[in-house]
Structures are given as C-alpha cells and as structure tokens.
Amino acid sequence: MSRDYLRLQQLQAHYGKSLAADDITLNIDKGELIALLGPSGCGKTTTLRMIAGFVQPTSGEVIVDGENVTAKAPHKRNIGVVFQSYALFPHLTVLGNVAFGLSMRAIPKAQRLERARATLDLVGLGPFADRYPAQLSGGQQQRVALARALVIEPSVLLLDEPLSNLDAHLRGEMRSEIRSLQKRLSITTVFVTHDQAEALAMADRVVVMNAGRIVEIGEPRALCDQPGDEFTASFLGERTVITGETQNGVFRAPGFQWDGAPDGATRAVLRAARLRFDPAAGPKVSDGTVQASAYLGDTVETDVAMTSGRVRLLTPSDQPVPPVGAACAIHALPGSVTFI
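Keep in mind the model is a prediction, meaning the values are calculated, not measured. (Residues numbered from 1 in each chain as written. Predicted model: local features only at pLDDT ≥ 70, side-chain atom pairs only at ≥ 80, totals over all residues. Heavy atoms only, no water.)

Trainee: How should I be thinking about the overall build of the chain in this particular structure?
Mentor: A tally of helices and strands in the chain yields eight helices and 21 strands. Each principal axis of the C-alpha atoms in the chain carries an extent, and together these give about 75 × 45 × 40 Å. Taken over 340 residues, the chain has a buried fraction of 48%. Considering only contacts in the chain between residues 6 or more positions apart, those separated by 24 or more positions represent 65%. In the form shown here, the chain has an accessible surface area of approximately 15500 Å², with 49% of it arising from carbon and sulfur atoms. Separation between the mean location of the 34 positive side-chain charges and that of the 35 negative ones in the chain comes to 7 Å. (Helix = DSSP H or I, 4+ residues; strand = E, 2+ residues; numbered from the N terminus. Buried < 20%, exposed > 50% of the residue type's maximum accessible area, 1.4 Å probe, protein only. Contact = heavy atoms within 4.5 Å. Areas by Shrake-Rupley, 256 points an atom, 1.4 Å probe, with all protein chains shown as cover. Lys, Arg positive; Asp, Glu negative; His and termini not counted. Charge placed at Lys NZ, Arg CZ, Asp CG, Glu CD.)

Trainee: Can you help me understand the packing of aromatic side chains in this one?
Mentor: Centre distance and the angle of the planes are the two values used to describe a pair of aromatic rings. Taken as a whole and judged by the stated rule, the model has six aromatic pairs. Between F54 and F83 the ring centres are 5.9 Å apart and the planes differ by 35 degrees, which places this aromatic pair in the tilted class. Of this pair, F54 sits in the loop between α1 (44-52) and β4 (59-64) while F83 sits in the loop between β6 (79-82) and α2 (94-104), and the two are 29 residues apart along the sequence. Here the aromatic rings of F89 and F100 are separated by 4.7 Å at their centres, their planes lie at 55 degrees, and the arrangement is tilted. Residue F89 is found in the loop between β6 and α2, and its partner F100 is found in helix α2; the two are separated by eleven residues along the sequence. (Phe/Tyr/Trp six-rings, centres within 6.5 Å; stacked < 30°, edge-to-face > 60°.)

Trainee: Whenever I open this one, helix α4 (residues 138-150) confuses me. Can you help?
Mentor: Along an α-helix, residues three or four positions apart point the same way, because every turn accommodates 3.6 residues. For α4, which comprises 13 residues, the first-to-last C-alpha distance of 18 Å matches the rise-based estimate of 18 Å (1.5 Å per residue) to within 8%. Where burial is concerned, most of α4 is hidden: eleven out of the 13 residues are buried. Three or more residues of α4 are buried, namely G139, Q140, Q142, R143, V144, A145, L146, A147, R148, A149 and L150. Residues of α4 that are buried in the fold lie against β6, α2, α3 (109-122), β7 (156-160) and α5 (168-185). (Expected span 1.5 Å × (residues − 1).)

Trainee: How should unusual backbone geometry be read in this particular structure?
Mentor: What you tend to see is this: most non-glycine residues have negative phi, and most peptide bonds are trans. A positive phi angle, close to 55 degrees, is found at D23, a residue other than glycine. Looking at where D23 falls in the secondary structure, it is placed in strand β2 (residues 18-28).

Trainee: What am I meant to see in the sheet that holds strand β5 (residues 67-68) here?
Mentor: Hydrogen bonds along the backbone pair up the strands of a sheet, which may run parallel or antiparallel. Strand order in the open sheet formed by four strands is β2-β1-β4-β5, with antiparallel pairing between adjacent strands. Only two strands of the sheet have a single partner each, and these edge strands are β2 and β5. Of the strand pairs in this sheet, strand β1 (residues 6-15) and β4 are connected by five bridges, and their pairing is antiparallel. Directly across from Q9, in β4, lies its bridge partner E61. Sheet strands in contact with α1 are β1, β2 and β4, and its direction is about 115 degrees off that of β1. (Pairing = 2+ DSSP bridges. Axes fitted to C-alpha atoms, helices over the stretch in contact; angles between N-to-C directions.)

Trainee: What is the right way to look at the packing of α2 against α3 in this model?
Mentor: One can describe the packing of α2 onto α3 by two numbers: an axis separation of 9 Å at closest approach and a directional angle of 125 degrees. Taken together, the axis directions place α2 and α3 in an arrangement best described as oblique. Crossing angle aside, the handedness with which α2 passes α3 is right-handed. In this structure, α2 contributes V94, L95, V98, A99, L102 and S103 to the contact, and α3 contributes R112, L113, R115, A116, R117 and L120. Within the contact of α2 with α3, the residues separate by chemical class into eight nonpolar, one polar and three charged. (Parallel < 35°, antiparallel > 145°, perpendicular 65-115°, else oblique. Left-handed = near helix turned anticlockwise from the far one by under 90°. Nonpolar A, V, L, I, M, F, W, Y, C, P; charged D, E, K, R; others polar.)

Trainee: Explain the side chain of T232 here, please?
Mentor: By the element assignment, T232 lies in helix α8 (residues 230-235). Given the relative accessible area of 1%, T232 is considered buried. With residues up to four places along the chain from it excluded, the contact list for T232 reads V208, V215, E216, L223 and P227.

Trainee: Help me understand α2 in this model?
Mentor: By the burial criterion, the buried members of α2 are V94, L95, N97, V98, A99, G101 and L102. Buried residues along α2 sit in contact with α3 and α4.

Trainee: Please clarify how the side chain of T315 should be interpreted in this entry.
Mentor: Tracing the backbone through its elements, the reader meets T315 in strand β19 (residues 309-316). We classify T315 as buried; its relative accessible area is 1%. Aside from chain neighbours lying at most four places away, what touches T315 is L275, R276, F277, D298, T299, V300 and V321.

So, in structure tokens, the structure goes:
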C-alpha cells in the first residue's frame, strides 16, 4: 500500500519554550483512518492542529495529495474539522450551520442549500434542518458538526475527540456510524483520542504518542498482541510489564519464569484479560496475594501482589476470584505473555 496521500514530515511545534510536538513523521494512505492515541499532553491535538493549519509548525512540512500546504491558511487547505466542542453557531439553524462553510467559499445559495440538505440526509438529520443547536441532543449536535465538515467535500477529515462529550452508550453507536460513513466516502481521516477502545475499534492504524513524539505505529491487533515498546504495552489496554532478563530462551524475574522468550528480551508483558486463577487455564505465571478486587459487571478487576510487582487480572464475572488477602496462583491463557 502506498501511504503518501497525507504526509507529515518532521513536524515540530513549540508553545513558548515548551516543545509540544517533535519529529512527527507519518505517511497516510488515501481513504485510511488513522487514530492518534495517547495521554493528555502527548502532542496529538497539536499534531492535528498543524495539519489543519491552526498551529504553524516550528519546522517540518504538511503535504496533502502532493501539495505542500504548510504555509497555507486553514480555510485554503480544504480540510474538514470536527472539534471536541462541536463549535456550532447557536444563532444558525442546523441547515445554516452545515451550509456556512459553503457560503464562505462563495458557492451560490441554491447550490449550497442543496448540498447542505444532501449532507444532512447522509448523517440522518434531514428532518432537523430547521432546528437550532440548542434543540438537539448531544448525538445530534455531533452529527451536525460532522455534516458541516463533510459538506465542503474535504481532502482530509480531522476529528478532535468528537465523542468525548457523549455518554458511553451513545459513544459506541456514534463510533460505528462514523466508521461506516468514513469507509463509504473513502475519506482520509485523522482521529485524535485518548480512549483506547475508540482507537482500536475505528482505526486502520493507531499512532501511539507520548511526550510529543510518536512511540509506535501499527494496526490495532498487532499493537495489542505484540507491542514493540514498553509505553505502548503499558498504555494500550490493561497490562503489566515485568523487567527481567532472558538466557537460553528463558525469561527470569524475581518470582517469575517463562520459557520461549526471544533472545535479548528484557521485559515481559502480561495481558490482564488473559490471566486466570483457574489452573486449567494454562501454565502458572506466578504466586501472589490478592490486594484489591472490583466487580465491573461482565468482568472482575483484581490486583495481585507478586514478588516481581503488582499484576492486574480481568476475569469473567462468572468465575471465582479469591478474596482480598488470600494467597493465589496466576495462570496464563494462550497469548497472555509477550516480550519486548
């Protein structure tokens, strides 16, 4: 696959003396959805704003479909943006909000209203054209913001945590709808989120960021099953990282030993959702003592203290869990343990 439709080349951005983004280099294919994932302050929103033109990079380039747009003003880049706050105009109707970007591009009134209505139909809001933002639910406002970004037929769509203001159930619905619409339109999309579930469910590739830099890039399943960096391993999902050493294919740490580790591995990564207290699950990982336990509905989250440190388990709620303070043994389902 040729990944050169949207190219970020060694982007760097400062806020005063603070380095917000450093050496951001990324090639994105036409029609691909990329998630920028990381904790607050990692540089993901700054990167998005450099693509949009709202932040001028200290150095580096933004290239869209072969055109260097680094010095172009935001409204001349043909990039659609959906903000976290939606940023709808309260004094305009839904139709007026969606048509606004077309009026700024001097599209004739009849044509822009026709395109705005068609785009509202695309996101399922045709009957709401004459309402005002205050008369809409959060999910409906999110659709209006998405329609406003799509109506200009952008080269690139940017989504800045657009689901963060919605409740959990609606977030699940909207991420499916956005993903389906993005695939149907085949529009190149960059999605900023700190929510791992959103990134894994929606993205073709996930860009893990930390401290202003790209840590690792990969397809969701590959990053989950075999992270190549300790930060990715600890941030992406519930995992425990144990430091040790490998000799003759055996990884050893205090109270922990595992055969089949690659030469040179210095960290073992334990996936919480694939660890069990049941000996029938697989080989024993370690002995320990239950420190804390929390019922989460479908699963039970349990923290166990072992010699190498604290390890977390996420077990199905229909399986027995030792009480707090009890000695226990941790066992591993296939794929529970990987190495870095």
